[in-house]
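Residue-level structure breakdown
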Amino acid sequence: MMRGGGGSRGTLSSLSVNNVIMALFHSRQTQTHVERLVRKPPLKPKVEEDALKLFREMLHSRPLPSVVRFTQLLGQLVKLKHYAAVITLNRQMLLCGIAPNHYTLSIIINCYSHLNQMGFGLSVFGTFFKLGLQPDVVTFNTLINGFVLHNQVPEAARTFTKMLEAGRCKPNVVTFSTLIKGFCMRGNNTAAIQLLGKMEETGCQPDIVSYSTIIDSLCKDTLIDEAFNLFSEMISRGIAPTVVTYNSLIQGVCNIGQWKQATRLLNEMVSKGIFPNVRTFNVLVDTFCKEGMVVEAKTVVQMMIQRRIEPTVVTYNSLMDGYCLRGEMDEAAQVFDLMISKASMVDVRSCNILINGYCKAKTVDKAHEIFKEMRRMELVPNTVTYNTLIDGLFKMGRIQKAEKLFSEMLGCGQLPNLRTYTVVLDGLCNNQQLSTAVELLTEMEARELELDIVIYNIVIEGLCKAGEIESARDLFCGLLSKGVQPTVRTYTVMIHGLCHHGLIIEAEKLLREMGGKGCSPNDCTYNIIIRGLLNNNETSWATRLIQEMLERGFSADASTMELIVDLLSKDIVDPALLPLLKDSR
């Protein structure tokens with residue numbers, strides 16, 4: 001059995017990549033016969049209109065059909081996800097004197113769950129007892145799933161506990177798997193694994209869904225060893241893995257660069273008659289692209305097409321993102337155009353990827369063209385779209401256009417998030433629009449927005465660079481009263497500002513204060529104050545701090561060494577600094 005590893009990323013050699021591609025190629029050869037046997041899925045029947053028409057006819061029939069017939073009809077509409085309509089039809093049934101049975105009530109709870117109205121779902125659950133009905137395992141499963149669906153896992157767990165305590169209805173594998181899914185969604189893998197053990201205590205055997213859910217969660221948390229241990233346990237129990245299980249493991253090992261493991265998993269799944277699906281291919285395309293290996297990613301996409309597995313919007317988005325990361329914007333644009341030609345496959349994320357690529361390539365006009373094209377494609381720009389383009393405009397010095405786009409964002413009802421304000425404040429400060437930045441910060445505070453230290457770091461740095469050291473000091477000193485804790489970055493920015501203005505005594509006072517505030521200085525902090533001291537002709541003072549820095553395991557950076565060498569060449573500093581320079585290498 002294969003073992004995982006939670007160590008550092010492996011080296012991405014061309015040999016290991018070729019092995020992955022060859023594993024995919026052989027999977028195609030093996031599956032050829034199977035592909036011929038697979039039938040096309042039947043077309044989904046259009047039953048909504050017929051169902052509603054039949055409901056009206058049944059409601060006017062005399063005698064009225066049984067509640068069973070009505071419930072079957074409601075079930076059909078639930079499959080079509082017409083949850084609100086089902087609730088309305090149920091009310092009509094009640095008005096006509098058609099009493100619900102436990103199946104009807106379970107369906108209504110399910111509808112309220114999907115509509116995020118769990119309060120109403122609980123009220124319907126209470127109706128069971130008012131009508132003298134006994135909730136069965138399906139009812140409890142529906143309620144627990146509703147809570148999990150809306151991340152109310154503690155409520156789901158309490159419902160599960162009540163179910164066990166009542167003892168009238170035993171949980172089944174669906175009950176356990178649903179709650180396991182909830183724990184995994186919250187990142188509580190320990191609770192999920194404990195629940196897996198509890199299943200056997202209650203005489204319920206875990207299935208592939210129970211195991212695959214936890215394996216997937218462990219892989220997402222890069223706990224690969226634990227995932228493989230659980231995979232081994234599952235196999236030893238005679239539970240056969242599916243393509244879903246293998247996809248999770250392949251994603252997990254790819255995320256930590258273990259390409260040999262990915263190859264072995266691909267070969268193993270194919271040898272068991274389990275063939276890669278669109279998700280498998282998407283995982284590999286995405287991983288190749290993130291590694292900058294777009295040629296290999298494109299090869300995988302071509303294999304998909306050869307195997308008649310249609311690439312999805314996820315596939316093409318990953319490929320386009322790969323080209324953007326390499327700065328190959330012409331190729332990225334070709335993928336975008338291909339997506340448009342394929343029945344408007346483009347989504348908001350596709351546009352965001354291309355806009356970000358153009359902004360990084362400093363071709364912000366092309367990014368703006370994609371933004372305008374979104375409207376023509378009836379795609380609504382989201383917060384990420386605006387944040388990316390506003391940032392791109394500011395970085396190119398197009399302040400008015402950036403501010404106009406920010407106003408447009410507010411005007412169209414797209415609420416800015418903390419990232420938006422970070423981008424705008426950073427853009428204003430870097431483009432010498434400090435008064436506007438301070439004004440915006442004051443407005444944000446007045447609106448009692450939850451501002452983080454990143455926001456304040458930007459403004460403090462902007463004030464320091466603009467020479468407004470008093471204002472920067474006031475803002476820094478007022479952080480704790482605002483409930484914001486300064487970070488190493490905050491202190492470093494402030495120390496740099498003080499040094500730049502010759503306030504070196506105050507700068508060192510801040511350096512000494514850092515340890516007591518729970519954020520010890522890092523190498524950047526030391527290098528900045530050392531350069532500040534050297535620039536203020538405080539060589540002996542700087543020498544002491546260099547020694548302190550080395551004792552703490554830090555070293556001089558390129559800028560500090562360059563400054564010392566420059567000063568030595570001018571006979572401005574003590575040659576005793578030379579041995580310290582050697583020690584810091």
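Residues numbered from 1 in each chain as written. Predicted model: local features only at pLDDT ≥ 70, side-chain atom pairs only at ≥ 80, totals over all residues. Heavy atoms only, no water.

Take the overall build of the chain next. When helices and strands are counted, the chain shows 32 helices and zero strands. In the chain, which comprises 585 residues, the share counted as buried stands at 48%. A sequence separation of at least 24 residues applies to 62% of the contacts in the chain between residues at least 6 apart. (Helix = DSSP H or I, 4+ residues; strand = E, 2+ residues; numbered from the N terminus. Buried < 20%, exposed > 50% of the residue type's maximum accessible area, 1.4 Å probe, protein only. Contact = heavy atoms within 4.5 Å.)

Here we come to the pattern of salt bridges. Opposite charge on two side chains makes pairing possible when the charged atoms of those side chains draw close. Per the counting criterion, the structure on display carries 22 salt bridges. As a salt-bridge pair, aspartate 391 and lysine 395 come within 2.8 Å of each other at their nearest N and O atoms. Of this pair, aspartate 391 and lysine 395 both sit in helix 21 (residues 383-395), separated by four residues, roughly a single helical turn. Using a relative accessible area of 16% as the deciding quantity, one classes aspartate 391 as buried. Lysine 395 gets classed as exposed once you look at its relative accessible area, which sits at 60%. A single network of salt bridges, built from pairs that share partners, joins Glu508, Arg512, Glu548 and Arg552. (Salt bridge = Lys/Arg side-chain N within 4 Å of Asp/Glu carboxyl O.)

This next bit is on the packing of aromatic side chains. Under the definition given, this model contains 12 aromatic pairs. For the pair phenylalanine 55 and phenylalanine 70, a centre-to-centre distance of 5.5 Å together with 80 degrees between the ring planes defines the contact as edge-to-face. With a gap of 15 residues between them, phenylalanine 55 in helix 2 (residues 48-59) and phenylalanine 70 in helix 3 (residues 67-79) connect regions that are remote in the sequence. Here phenylalanine 70 falls in the buried class, since its relative accessible area comes to 0%. (Phe/Tyr/Trp six-rings, centres within 6.5 Å; stacked < 30°, edge-to-face > 60°.)

This next bit is on helix 23 (residues 418-430). Under the 1.5 Å per step criterion, the end-to-end length of helix 23 is 18 Å for 13 residues, consistent within 8% with the ideal 18 Å. Every buried residue belonging to helix 23 is among Thr420, Tyr421, Thr422, Val423, Val424, Leu425, Gly427, Leu428 and Cys429, and all of these are buried. Capping the start of helix 23 is the job of one residue whose side-chain oxygen sits 3.2 Å from the backbone nitrogen of arginine 419: asparagine 417. Count one or two residues on from helix 23 and you reach glutamine 432, which has phi positive near 55 degrees. (Expected span 1.5 Å × (residues − 1). Polar contact = N/O pair within 3.5 Å; in protein donor to acceptor, adjacent residues only side chain to side chain.)

The subject of this paragraph is the side chain of serine 113. With respect to the element layout, serine 113 can be found in helix 5 (residues 102-114). The class of serine 113 is buried, set by a relative accessible area of 1%. Of the polar contacts made by the side chain of serine 113, one reaches the backbone oxygen of isoleucine 109; its length is 2.8 Å. Not counting residues within four places of it along the chain, the set of residues in contact with serine 113 comprises Met118, Thr142, Gly146, Leu149 and His150.

On to helix 25 (residues 453-465), then. Helix length check: helix 25, at 13 residues, gives a terminal C-alpha distance of 18 Å against a target of 18 Å (1.5 Å per residue), a fit within 8%. With 10 of its 13 residues buried, helix 25 lies for the most part within the structure. For helix 25, the set of buried residues is Ile453, Ile455, Tyr456, Asn457, Ile458, Val459, Ile460, Gly462, Leu463 and Cys464. On its buried side, helix 25 packs onto helix 23, helix 24 (434-446), helix 26 (469-477) and helix 27 (488-500). Glycine 467 sits one or two residues past helix 25 and shows a positive phi near 85 degrees.

Let us now look at the confidence of the model for the chain. Per-residue confidence for the chain averages 87 on the pLDDT scale, and 89% of its residues sit at or above 70. With pLDDT under 50 throughout, residues 1-11 is counted as low confidence; its partners more than four residues away or in other chains account for 33 contacts. (pLDDT = per-residue confidence, 0-100.)

Residue proline 63 is bonded to the preceding arginine 62 through a cis peptide linkage, with omega at 0 degrees. For proline 63, the position within the fold is in the loop between helix 2 and helix 3. A positive phi angle, near 60 degrees, is found at arginine 308, a position not held by glycine. Relative to the helices and strands, arginine 308 resides in the loop between helix 16 (294-306) and helix 17 (313-325). A positive phi angle, close to 55 degrees, is found at glutamine 432, a residue other than glycine.

Time to look at the nonpolar core. Leu354, Leu389, Ile390, Ile460, Met494 and Ile495 are the most contacted members of the largest nonpolar core, which totals 181 residues. Residue contributions to this core peak at eight residues, all from helix 25. Look past the residues within four positions of isoleucine 495 in its chain and what remains in contact with it is Ala507, Leu510, Leu511, Met514, Thr525, Ile528 and Ile529. (Core = buried A, V, L, I, M, F, W, Y, C linked by side-chain atoms within 4.5 Å.)

Attention now moves to the environment of tyrosine 421. For tyrosine 421, the position within the fold is in helix 23. For tyrosine 421, a relative accessible area of 4% puts it in the buried group. It is 8.8 Å that separates the C-alpha atoms of tyrosine 421 and asparagine 387, two residues lying 34 residues apart in sequence. The contacts of tyrosine 421, once residues within four sequence positions are left out, are Phe406, Pro416, Leu440, Met444, Arg447, Leu449 and Ile455.

Let us now look at the packing of helix 15 (residues 278-290) against helix 16. For the pair helix 15 and helix 16, the least separation of the axes is 8 Å and the interaxial angle reads 165 degrees. Considered as vectors, helix 15 and helix 16 are oriented roughly antiparallel to each other. Along this stretch, helix 15 crosses helix 16, giving a crossing that reads as left-handed. Touching Val278, Phe281, Asn282, Val285, Phe288 and Cys289 of helix 15 are Glu296, Ala297, Val300, Val301, Met303 and Met304, all from helix 16. Counted by class, the contact of helix 15 with helix 16 contains 10 nonpolar, one polar and one charged residues. (Axes fitted to C-alpha atoms, helices over the stretch in contact; angles between N-to-C directions. Parallel < 35°, antiparallel > 145°, perpendicular 65-115°, else oblique. Left-handed = near helix turned anticlockwise from the far one by under 90°. Nonpolar A, V, L, I, M, F, W, Y, C, P; charged D, E, K, R; others polar.)

Following the sequence through the fold, glutamine 194 ends up in helix 10 (residues 189-201). Through-space distance from the C-alpha of glutamine 194 to that of isoleucine 180 is 9.3 Å; in sequence the pair is 14 residues apart.

One can describe the packing of helix 7 (residues 137-149) onto helix 8 (residues 153-166) by two numbers: an axis separation of 7 Å at closest approach and a directional angle of 160 degrees. Here helix 7 is positioned roughly antiparallel relative to helix 8, judged by the angle of their axes. Of the two possible hands of crossing, helix 7 and helix 8 adopt the one that is left-handed. Between helix 7, through Val137, Phe140, Leu143, Ile144, Phe147 and Val148, and helix 8, the contact on the second element is made entirely by Val153, Glu155, Ala156, Thr159, Phe160 and Met163. Counted by class, the contact of helix 7 with helix 8 contains 10 nonpolar, one polar and one charged residues.

With respect to the helices, strands and loops of the structure, glycine 357 is situated in helix 19 (residues 348-360). C-alpha of glycine 357 to C-alpha of tyrosine 323: the two residues are 34 residues apart in sequence and 8.5 Å apart in space. Among residues more than four places away in sequence, those in contact with glycine 357 are Cys324 and Met329.

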